[in-house]
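The residues making up each chain are set out below.
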Protein chains: 2
Amino acid sequence: MSVVGIIGAGQLARMLALAGLPLGLRFVMLDPAEAPCAAALGTHLRAGYDDRAQLARLARMCDVVTYEFEKVPDESVAFLAESVTVRPGAASLAAARDRLREKTLFCDLEIPTPRFAPVDSRAELDRAVATIGLPAVLKTRTLGYDGKGQEVLRRLDDVSAAWASLGGVPLLLEAHVRFQREVSVIGVRDRRGHCRFYPLAENRHHDGILRLSRSRPGDRLESQAQEFARRLLEHLGHVGALTLELFQEGDVLLANEMAPRVHNSGHWTIEGAVTSQFENHLRALLDWPLGDTAAVGYSAMINLIGEIPGPSGVVAVPGAHLHLYGKEPRAGRKLGHVTASASTAARLEDRLQRLLRVTGPREPEAPKHERPAGRVPARSAP
Amino acid sequence: MSVVGIIGAGQLARMLALAGLPLGLRFVMLDPAEAPCAAALGTHLRAGYDDRAQLARLARMCDVVTYEFEKVPDESVAFLAESVTVRPGAASLAAARDRLREKTLFCDLEIPTPRFAPVDSRAELDRAVATIGLPAVLKTRTLGYDGKGQEVLRRLDDVSAAWASLGGVPLLLEAHVRFQREVSVIGVRDRRGHCRFYPLAENRHHDGILRLSRSRPGDRLESQAQEFARRLLEHLGHVGALTLELFQEGDVLLANEMAPRVHNSGHWTIEGAVTSQFENHLRALLDWPLGDTAAVGYSAMINLIGEIPGPSGVVAVPGAHLHLYGKEPRAGRKLGHVTASASTAARLEDRLQRLLRVTGPREPEAPKHERPAGRVPARSAP
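Nothing here was measured: the structure is a model prediction, and the numbers come from that model. (Residues numbered from 1 in each chain as written. Chains lettered and ligands numbered in written order. Predicted model: local features only at pLDDT ≥ 70, side-chain atom pairs only at ≥ 80, totals over all residues.)

Undergrad: Mind laying out the overall build of chain A, listing which residues take part and the relevant values?
TA: For chain A, the helix and strand inventory stands at 12 helices and 18 strands. Seen through its C-alpha atoms, chain A measures out along the principal axes to roughly 60 × 50 × 40 Å. Taking all 382 residues of chain A together, 56% fall into the buried category. Intrachain contacts of chain A at a sequence separation of at least 6 include 63% that bridge at least 24 residues. (Helix = DSSP H or I, 4+ residues; strand = E, 2+ residues; numbered from the N terminus. Buried ≥ 20, exposed ≤ 12 C-beta atoms within 10 Å, placed from the backbone. Contact = placed C-beta atoms within 7 Å.)

Undergrad: Could you give an account of the environment of A:Leu246, naming the residues involved and the relevant values?
TA: All names here are of chain A. Its place among the elements puts Leu-246 in strand β14 (residues 240–249). Here the alpha-carbon distance between Leu-246 and Met-258, two residues 12 residues apart in the chain, equals 8.9 Å. Every residue in contact with Leu-246, bar those within four places of it in the chain, is listed here: Val-183, Ser-184, Ala-225, Leu-253, Leu-254, Ala-255 and Asn-256.

Undergrad: So what's going on with the relation of the copies chain B and chain A? Which residues, and what values?
TA: Mapping chain B onto chain A leaves a residual RMSD of 0.0 Å; the transformation is a rotation of 180° accompanied by 0.0 Å of translation along its axis. The symmetry that links the two subunits is that of a two-fold axis. Interface overlap between copies: 100% of the residues of chain B at the interface are likewise at the interface in chain A, consistent with a symmetric, same-surface contact. (Least-squares fit on C-alpha atoms with pLDDT ≥ 70 in both.)

Undergrad: Could you give an account of the domain arrangement of chain A, naming the residues involved and the relevant values?
TA: Much of the literature gives interface size as the accessible area that the parts lose upon coming together. You can read the domains of chain A as domain 1 (3–86), domain 2 (115–175) and domain 3 (181–358). Here the C-alpha centre of domain 2 of chain A lies 34 Å away from the C-alpha centre of domain 1 of chain A. (Domains from an automatic or database assignment.)

Undergrad: I'd love a proper account of helix α10 (residues 277–285) of chain B, names of residues and values included.
TA: Helical periodicity: at 3.6 residues per turn, an α-helix aligns residues three or four positions apart in one direction. Most of α10(B) is tucked away, with nine of its nine residues classed as buried. Within α10(B) the residues assigned to the buried category are B:Gln277, B:Phe278, B:Glu279, B:Asn280, B:His281, B:Leu282, B:Arg283, B:Ala284 and B:Leu285.

Undergrad: Tell me what's going on with the sheet that holds strand β3 (residues 43–45) of chain A, and back it up with residues and numbers.
TA: Pairing between sheet strands relies on hydrogen bonds along the backbone, with the strands arranged either parallel or antiparallel. All names here are of chain A. Reading across the sheet, the five strands line up as β3-β2-β1-β4-β5 and stay open at both edges, with parallel pairing between neighbours. The two strands at the open ends of the sheet, each matched to only one other strand, are β3 and β5 (85–86). In terms of strand pairing, strand β1 (residues 3–7) meets strand β2 (residues 26–30) through five bridges, oriented parallel. Of the residues in β2, the one forming a bridge with Val-4 is Phe-27. (Pairing = 2+ DSSP bridges.)

Undergrad: Outline the sheet that holds strand β6 (residues 116–119) of chain B, listing residues and values.
TA: Residues and elements named next belong to chain B. Taken together, the four strands give an open sheet; going across it, the order is β6-β9-β7-β8, and neighbouring strands pair in antiparallel fashion. Since the sheet does not close on itself, it has two edges, and those belong to β6 and β8 (150–153), each with one partner. Each neighbouring strand pair of the sheet contributes to a mean axis angle of 20°, computed without reference to strand direction. Sheet contacts for helix α6 (residues 122–132): β6, β7 (136–140), β8 and β9 (171–175); angle to β6, the most-contacted strand, approximately 170°. Docked against the sheet, helix α7 (residues 158–166) engages β7, β8 and β9, running at close to 175° with respect to β8. (Axes fitted to C-alpha atoms, helices over the stretch in contact; angles between N-to-C directions.)

Undergrad: So what's going on with the packing of helix α1 (residues 11–20) of chain B against α10(B)? Which residues, and what values?
TA: Two quantities define a packed helix pair, namely the angle between the axes and the distance from one axis to the other. Residue and element names in this part refer to chain B. Running from N to C, α1 and α10 point in directions that differ by 75°, and their axes come no closer than 8 Å. Between α1 and α10, the angle falls in the class roughly perpendicular. On α10, the residues touching Met-15, Leu-16, Ala-19 and Gly-20 of α1 are Phe-278, Glu-279, His-281 and Leu-282. For the contact of α1 with α10, a count of residues per class yields five nonpolar, two polar and one charged. (Parallel < 35°, antiparallel > 145°, perpendicular 65-115°, else oblique. Nonpolar A, V, L, I, M, F, W, Y, C, P; charged D, E, K, R; others polar.)

Structure (structure tokens):
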């Protein structure tokens, strides 16, 4: 019986465990929280992500170690990798943790991305604004998620305030894209280099947090997105799932960011694909053959943010599947999701609208070329 | 957050918990074993099924209590029911625990069943053989499963040996049916009387243990089987899942036995139906609306008995879903199952044959009107 270690014991770890228990796997999770939501599904090592003694213990207990987010320190991964297989590897983690490395990698691999410039001083910010133009987005290079660590600059007057808000850590200025859609693609690669790709997902955000993902199998931009993800997987020698988020501007896709892991925009795959993103990530970790990523019918996912609706009302919608994470409600917190599935696109849309009424705020509006409230499409939290 | 109690913590409890955790449920399981396979997914009360103190504790901890098998004593259910809702209720349990009551109920509800007679003495056995004729099957009235507690009588010479083997406890003699198929149907009923039925499953046994179930949506005998199940659900005021196993003799279905619970022949519903039997059982317990029982594509299930194949070989078959129960291998023990799914019947059959090669003994042969080894289609263990 294989034992899988996970750094982090939040909802992604929880869904990995729920996918892995039927496969005969056991889980050990390292997380500093007292009772993180995945802890009950395995052994919980309560420790900081840089606790060498507990990292060493994790390595001894497991056949392979993975992580559910990017904020695990590079040093911890390097330390673990001395004594246990860590997947995905350090190269993937390093690229995803730093927006400058990430954007530079996109350029190296000829994956289009919004214009950008590193910003480490006020003078550099002024030069970057002159080069890139406005509107633009100032972002921290590391540790941003769900719209945090970002400021939109619309006019020159905004520059000082943005610098006051974010200055002092390494930053990046990006051109603000007038996109029509935000989409994401999830690819999985095994050790021998076989890759599989899930259908494109179309994402809508609300207050900087992903609210709704619709799977769009056969979307005309799907193969372009999958090709970009393939370049990343192959270049990084990535093993496991990798997510690439993109903006659609006209007929062009621009890479926004990548995550070296399963992703919120792929939760619909639990019911909506032959093999879920969670199972395929585990298969890759264990050197098992990857599973079919094809969609089964039509699916979409709604995040439950801040509050949990009555479960009875949710499951009353035909084809609805409720996934609660066992977390205490708190404003802005991802507490669960609902997947809607149907055999036709029209029926899915009907069910989705019913679920949006049951689960709180109505469907977020399509982007209007400008975000209303100083936030841009966000780096999603795990 | 609702808390569900389960008497028994075997694989059915485990799959109930795996279905219920994403719904926000917590589980408490009462089981005398030290580390039964569901225990890690909830709170485990280690106690005998008649331990009043622990039963009372279970009742206090839970919003509703269910059970994963029929051997829970009637007295324990009556005791629990004084202080907590128990679903399904005592009537369902009593009918399913005793083959004589069960058969009598079938007759009362005009559900055809093989001829039978109660046998409590050697003299009664002789009279029953004279009335029912041979071949016939002598069975214990209670506690039989997986072919245990049964003897086939082919000739008058067999009567004494069968009596020597089984005599001394209440027995039943049944006509031996020359069936073409064994099928089962699972129905779910909620408290208000709404019923849903899964497609018919066609079952093959090997050494008295279920080896293979194929879902047969739209089978021409499906509506007949569902109508019989509906009579049972309504008569018993049943709340939860109920399984009816039947023999097909020509175009006639004869009820073999019922189980007041989810069933091995419905494991394919985890991937193969919109809502699994496990989720629907939980929904009924909690007074939530029942979910769609329709099949998604074509599915079949293979039991893993006695040994566990290499998981990598299993998941290499497209559309295969592995479910291991976390049990120690032992001859004749159900250790897991594999579901095969496909979008066409022909593709399913191809995948199924590949999986049968990977998972051990080849497909059990269709019934040849007589079982080879003194065993008959069996009461399935949980």
